[in-house]
Each structure stands twice: as structure tokens, then as C-alpha cells.
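# Observations on chain architecture
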Amino acid sequence: MPLEPLRLQLPSPLVEVDDERLGDVRLLLKRDDLISPEVPGNKWRKLRLNLEHAGELGYHTLLTFGGAYSNHLRAVAAAGAQYKLDTIGVVRGDELAAKPRNWSLAYCEQRGMRLVFMDRQTYREKHSTEVVDRLHSEHGDFFLIPEGGSNALAVRGAMDVPGEITAPYDVICCPAGTGGTLAGIAAGAPPGVHAIGFSALKGDFLTDEVQRLQAEAGLTTANWRVETRYHFGGFAKHPPQLHVFATDFEARHGVRLELTYVAKMLAGIYEMAANGEFSPGTTLVAVITGPAESGAGGT
Ligand SMILES: *Cc1c(COP(=O)(O)O)cnc(C)c1O
């Protein structure tokens, strides 16, 4: 039975950015950040079919994993509250158990999520049979959603993004953390469109991950690549030049940018456009996968 989504703005708006710095490149923003204040952006895309599936299988509890400021953990907590499912959040770092909750973990608890703190060594093995079996013996039956929410159903959910775009375009860009969003967007893109995932992390492992996720979903395509130049020092690093870019973008276009993923992608797009890396006349769609952090300063 499909879920009756509450107050979701779908399809999400597609808006053009008028900016002379882009030269001959046309840029459209796919405002997935506006889908829902509670379960925004790609987190809604990736959770939708997982929530449906968990409901169909009769589960009453969702369990997932995340760091101390995880967007995914907050989204699962909010979705569980909306769809009357219990939620357990396994948090990286057992030292956090005794500390006052940061804004992100406090939000999760306010939505009824039970937080379980896991030491970092065990957390590295969190998806192993041993750790999952132990979680089952401690917490009973649950539907497991992997860290970051990326699985085959998430990939299928992300295919909806290009499916909503009726205007013609050449390239679709999205940020990438675990790669599930890129895997789905590429799989759903129309013929001739190329997908670029801007990695928010240092390193080169995402290409393998996206390939693995597409294969898991039975949706392998060759129309995408991972762009690794715009991690700005690594995951959750927000150096001054990133703040400068985001502040300037907001002043010009009235859109406040999420820093960990979205601002890095857009800064990358602007630099690539300035370098002439897109052929003249290219129409780009940039997927705004989430809203600016609501917490104090946002990390
Ligand atoms: C979680 C998140 C991502 C990363 O998505 P993946 O599917 O893990 O690659 C990108 N943007 C925002 C705003 C996010 O919250």
C-alpha cells in the first residue's frame, strides 16, 4: 500500500539561475530541498520506497546508523514519527552517550528516535552479520536501513528526480556522499543526459560504490561520473572560501546553501563553467539535495 505523504511539495520546483558568471552555460536548480521541512531532499527520495517496503513487510521499527550530525538520522527520525514507525538510531561514538545532546541528536530524540551509541571500532563493522545479529538480540525485530540510507530501494527512489524534469537538459549534477542519489539519478536520466556526482569526501572510492549500488538495484548505466576535485578539504570541512561562495550565492539568488554537500557542488559547477569545461550552450540541472543546516552554525 503506497504511503500517503504528508504536506510534500512534489514535484519539486525547477528554477533557473540568472548569473552572468556562468557565461554560455544555463543552470537550473531542482529544489528538492523544498520537498518537506521534516524529511527534505534526497533523504525523502531515498526513504520513500524503504518506508513503503517496511510497512508492507509488517515492520514496526526502523533501525539505522549515522554520525553525530547526520542528515540521514534526522530524516529517519522524522519519517518514523510521521508514519508511526518506531526508530532506533545507532550513533557513531560511544563517548557521546554521556554528553549533552547536540542540536541534531536532540532533534532525533524529539521525534521519538531511541539513540544507541556505538564505539567507533564496532561502528566500522556496523553492517556485518555479527554486529547486526547483536543489535537484533538487543533491540528485537527491525527493518534495517544502511548508513546514509543507500540501498537498492533508495536508488530506485532517486530515479524520480529526472522523471520530474520535463524541460530538455544536457547534464544533471548532484552532490555525493554514499553515492545512492547519483546512482538513482543516473539510472533515471533520459537518453543523452550525462550525470555528474560531486563528491563531498576526499578520495576515490565513490565510483565503485555507485557501480555496486546500481548493480544491486539492477540498473547499471554508463552515463555518469564522479567529480572528485571539490571536496574542500574533506567531509564536513567548511573552509572560508566555501562560506564566501555560499554567502555570495545567497545574496545574489536568495537561496541559502547547505554547506556539507550542496555548496561544494555549486562551487564546483561555477569553477568548471569558468574553466570552460562545459561546452557553450550546455543546460545543467543541479539537484539541491537538502536545505541549509538549521542548527547553530551547522557543521
Ligand atoms: C545525505 C546527503 C547527500 C548525500 O547523498 P548520497 O546519496 O549519500 O550520496 C547529499 N546532499 C545532502 C544535502 C544530503 O543530506
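Residues numbered from 1 in each chain as written. Predicted model: local features only at pLDDT ≥ 70, side-chain atom pairs only at ≥ 80, totals over all residues. Heavy atoms only, no water.

We count it as follows: UniProt positions are given in the numbering used here, feature names are shortened, and annotations may be inferred rather than shown by experiment.
By the naming in an unreviewed UniProt entry, the protein is Pyridoxal-phosphate dependent enzyme, taken from Nocardiopsis endophytica. Taken directly from UniProt, the Sequence similarities (unreviewed entry) text for the protein runs: "Belongs to the ACC deaminase/D-cysteine desulfhydrase family." Of the comments in the UniProt record for the protein, the one headed Cofactor (unreviewed entry) reads "pyridoxal 5'-phosphate".

### Considerations on the overall build of the protein
This is how the line gets drawn: Strands are runs of DSSP state E lasting at least 2 residues, helices are runs of H or I lasting at least 4, and numbering of each runs from the N terminus. Just to be clear, the radius of gyration here is over C-alpha atoms, and the globule rule we use is 2.2 Å times residues to the power 0.38. Burial classes: relative accessible area under 20% of the type maximum marks a residue as buried, over 50% as exposed, and values in between as partly exposed (1.4 Å probe, protein chains only). The contact criterion used throughout is that any non-hydrogen atoms of two residues lie within 4.5 Å. Only four residue types enter the charge count, namely Lys and Arg as positive and Asp and Glu as negative; His and the chain termini do not. All charge positions are set by atom: Lys at NZ, Arg at CZ, Asp at CG, Glu at CD.
The secondary structure content of the protein amounts to 11 helices and 10 strands. Here the C-alpha atoms of the protein give a radius of gyration of 19 Å, agreeing with the 19 Å that 2.2 N^0.38 yields for 299 residues. Among the 299 residues that make up the protein, the fraction classed as buried is 56%. For the protein, long-range pairs separated by at least 24 residues make up 73% of all intrachain contacts whose partners lie at least 6 apart in sequence. Here the protein holds 29 positive side-chain charges and 36 negative ones, and the gap between their average locations is 4 Å.

### A closer look at the site of the ligand
Rules: Consider each residue's heavy atoms; a residue with any of them within 4 Å of a molecule or strand counts as near. Each polar contact in these results corresponds to two N or O atoms within 3.5 Å; when the atoms are within protein, one needs to be able to donate a hydrogen and the other to accept it, and residues that are neighboring in sequence are counted only if both atoms are side-chain atoms. Values of accessible area rely on a 1.4 Å probe in the Shrake-Rupley scheme; residue burial ignores everything except the protein chains shown.
Lining the immediate surroundings of the ligand are 15 residues, of which Lys 43, Lys 46, Thr 178, Thr 181 and Thr 289 lie closest. Taking Gly 179, its main chain carries an N or O atom lying 2.8 Å from an oxygen atom of the ligand. Contact distances for the ligand include 3.4 Å between an oxygen atom and a backbone N or O atom of Gly 180. Considering the ligand on its own, with 390 Å² of exposed area, one finds that the protein chains cover 97% of that surface.

### With respect to the domain arrangement of the protein
The test is simple: Domain limits in this description derive from either an automatic procedure or a database domain assignment.
Per the domain assignment, the segments making up the protein are domain 1 (14-37 + 151-287) and domain 2 (60-141). For domain 1 versus domain 2, the distance between C-alpha centres works out to 28 Å.

### Examining the pattern of salt bridges
The test is simple: The salt bridge criterion pairs a side-chain nitrogen of Lys or Arg with a carboxyl oxygen of Asp or Glu, the two atoms within 4 Å.
One pass over the full model with this rule turns up 23 salt bridges. With a closest N to O distance of 3.1 Å, Arg 26 and Glu 16 form a salt bridge. With a gap of 10 residues between them, Arg 26 in strand 2 (residues 26-30) and Glu 16 in strand 1 (residues 14-17) connect regions that are remote in the sequence. Note that Glu 227 is salt-bridged to Arg 229, the shortest N-O span being 2.7 Å. For Arg 229, a relative accessible area of 44% translates into the label partly exposed. The network of salt bridges with shared partners includes Asp 19, Glu 20, Arg 21, Asp 248 and Arg 252.

### Observations regarding the sheet that holds strand 2
Here is the rule we go by: Two strands pair under a simple rule: DSSP has to find at least two bridges between them. A fitted line through C-alpha atoms represents every axis, and for helices the fit uses only the stretch in contact; the resulting angles, taken between N-to-C directions, go from 0 to 180 degrees.
Taken together, six strands build an open sheet; the order of strands is 1-2-10-7-8-9 and the sheet is mixed. With one partner strand each, in any of the chains shown, strand 1 and strand 9 (224-227) form the two edges of the open sheet. Between one strand and the next, the sheet's axes are offset by a mean angle of 25 degrees, whatever the strand orientation. As judged from the four bridges shared by strand 8 (residues 194-199) and strand 9, these two strands associate in the parallel manner.

### Overview of helix 3 (residues 103-110)
Stated formally: Directions pointing from the helix axis toward each C-beta atom define the arc.
All buried positions along helix 3 are accounted for by Ser 104, Leu 105, Tyr 107 and Cys 108. Projected down its long axis, helix 3 carries its buried residues within an arc of 155 degrees, all on one side. Of the residues that open helix 3, the one with a side-chain oxygen 2.8 Å from the backbone nitrogen of Ser 104 is Asn 102. Remark: Gly 112 follows helix 3 within two positions and exhibits a positive phi of approximately 90 degrees.

### Examining the pairing of strand 5 (residues 114-118)
Taken residue by residue, a regular strand's side chains alternate between the two faces of the sheet. Test applied: Crossovers are marked right-handed if the path from the first strand over the helix to the second runs clockwise, as seen with the strands pointing away from the viewer.
Within strand 5, four of the five residues are buried, which leaves it mostly tucked inside the rest of the structure. Two elements, strand 4 (residues 86-92) and strand 5, share five bridges in a ladder whose sense is parallel. Counterpart to Arg 92 in the pairing with strand 5 is Met 118. With helix 3 bridging strand 4 and its parallel neighbour strand 5, the resulting β-α-β unit is right-handed.

### Thoughts on the packing of helix 1 (residues 41-56) against helix 2 (residues 71-82)
Rules: In what follows, roughly perpendicular refers to angles from 65 to 115 degrees, roughly parallel to angles under 35, roughly antiparallel to angles over 145, and oblique to any angle outside these ranges. Note on convention: the crossing is left-handed when the near helix lies turned anticlockwise from the far helix by less than a right angle, right-handed when the turn is clockwise. Basically, the charged four are Asp, Glu, Lys and Arg, the nonpolar ten are Ala, Val, Leu, Ile, Met, Phe, Trp, Tyr, Cys and Pro, and anything else, Gly included, counts as polar.
Contact pair helix 1 / helix 2: the axes reach a minimum separation of 11 Å and the direction vectors enclose 45 degrees. By the angle class used here, helix 1 and helix 2 are oblique. As for the relative orientation of helix 1 and helix 2, their crossing is right-handed in sense. In this structure, helix 1 uses Lys 43, Leu 47 and Leu 51 to contact helix 2, whose residues at the interface are Asn 71, His 72, Ala 75, Val 76 and Ala 79. Residues belonging to the contact of helix 1 with helix 2 are distributed by class as follows: five nonpolar, two polar and one charged.

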